[in-house]
Amino acid sequence: MIGFLDRYRDHGLLLARVGLGLMMILAHGAPKLFAGPELWEKIGGSMAHFGIHFAPTFWGFCAALAEFGGGIALILGLAVRPASASLAFTMLVAAVMHLAAGEGLKGASHPIEIGVVFLALILAGGGRFSLDAKLFGGRSATTALA
């Protein structure tokens, strides 16, 4: 009955990529990236939940860069799978941080939900309306270079 929507699958991927990419840049990545080392250190301290206690400023910068740069990559549809993997890992760390802080599932729900979407983008790729498709014939940048 709604099989006609199948022809809009790539439009759906484009909408998801652009919407998520914009939010990752504006609401998450840019504020963290431009806040500087003090916030990076605080964010990077979350790696302690994984037994990593060194270089919290570096890890915080990596998280901010993943959110900012990953958002740009999603919008452009360039290296969608690696960007989504980086963002999914960042969301895993955020979810563990919220759970460890005693916020429960309600506090961790946002990074878990968006992390699931990034996992789905790893599987689906950027779709027909992506730079990956234009430059690499539908394969991701990492697959084309391998």
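Each chain carries its own residue numbering, running from 1 in the direction its sequence is written. Only residues with pLDDT of 70 or above have their local features reported here, since the model is predicted, and side-chain atom pairs are shown and tallied only from 80 upward, although totals for entire chains, interfaces and linings are computed over all residues. The side-chain figures draw on all heavy atoms in the structure; neither hydrogens nor water molecules are used.

Looking at the overall build of the chain
Reasoning step 1: Each helix and strand in the chain was counted, giving seven helices and zero strands.
Reasoning step 2: Start at the N end of the chain and walk to the C end: the helices and strands fall as α-α-α-α-α-α-α.
Reasoning step 3: A globule of 146 residues ought to have a C-alpha radius of gyration of about 15 Å, and the chain, at 16 Å, matches this closely.
Reasoning step 4: Taken along the three principal axes of its C-alpha coordinates, the chain extends 50 × 35 × 25 Å.
Reasoning step 5: Exposure is judged per residue with a 1.4 Å probe applied to protein chains only, and the accessible area is read against the type maximum: over 50% gives exposed, under 20% gives buried, and values in between give partly exposed. Taken over 146 residues, the chain has a buried fraction of 35%. Counting from the N terminus, the helices are the DSSP runs of H or I reaching at least four residues and the strands are the DSSP runs of E reaching at least two. For this measure, only C-alpha atoms enter the radius of gyration; the expected value for a globule follows 2.2 Å times N^0.38, where N is the number of residues.

Quick word on a nonpolar patch on the surface
Reasoning step 1: Where nonpolar side chains cluster on the molecular surface, the patch consists of Ile2, Phe4, Leu5 and Tyr8 and spans about 410 Å² of accessible area.
Reasoning step 2: One can find Tyr8 in the segment before α1 (9-33). A patch consists of residues whose relative accessible area exceeds 30% and which take part in no salt bridge; residues with like charges are grouped when within 9 Å of each other, and nonpolar side chains (Val, Leu, Ile, Met, Phe, Trp, Tyr) when within 5 Å. Calculation of accessible area relied on Shrake-Rupley with a 1.4 Å probe; when residues are assessed, cover is drawn exclusively from the protein chains displayed. A side-chain nitrogen of Lys or Arg and a carboxyl oxygen of Asp or Glu constitute a salt bridge if their distance falls within 4 Å.

With respect to unusual backbone geometry
Reasoning step 1: For Ala55, which is not glycine, the phi torsion reads 55 degrees and is therefore positive.
Reasoning step 2: With respect to the helices and strands, the residue Ala55 is situated in the loop between α2 (37-44) and α3 (56-76).
Reasoning step 3: In this structure, Ala79 takes a positive phi of about 55 degrees despite not being glycine.
Reasoning step 4: Tracing the chain through its elements places Ala79 in the loop between α3 and α4 (80-100).
Reasoning step 5: According to the relative accessible area criterion, Ala79 is partly exposed, its value standing at 23%.

Here we look at the environment of Ala27
Reasoning step 1: On the secondary structure map, Ala27 appears in helix α1.
Reasoning step 2: We classify Ala27 as partly exposed; its relative accessible area is 40%.
Reasoning step 3: For the pair formed by Ala27 and Glu67, sequence separation is 40 residues and the distance between their alpha carbons is 9.4 Å.

Observations concerning the nonpolar core
Reasoning step 1: The nonpolar core is taken to be a set of buried Ala, Val, Leu, Ile, Met, Phe, Trp, Tyr and Cys residues, with the residues joined through side-chain atoms within 4.5 Å. Core analysis: the biggest nonpolar cluster contains eleven residues, these being Leu13, Leu20, Met24, Leu74, Val80, Leu87, Ala88, Met91, Ile114, Phe118 and Leu121.
Reasoning step 2: Among the elements of the structure, α1, α4 and α5 (104-124) are those that each provide at least two residues to this core.
Reasoning step 3: Among the elements that line this core, the one with the most residues is α4, at four residues.
Reasoning step 4: Excluding residues that lie within four positions of it along the chain, Val80 makes contacts with Arg17, Ala73, Leu74, Leu121, Gly125, Gly126 and Asp132. Residues are treated as being in contact if the distance between any of their heavy atoms lies within 4.5 Å.

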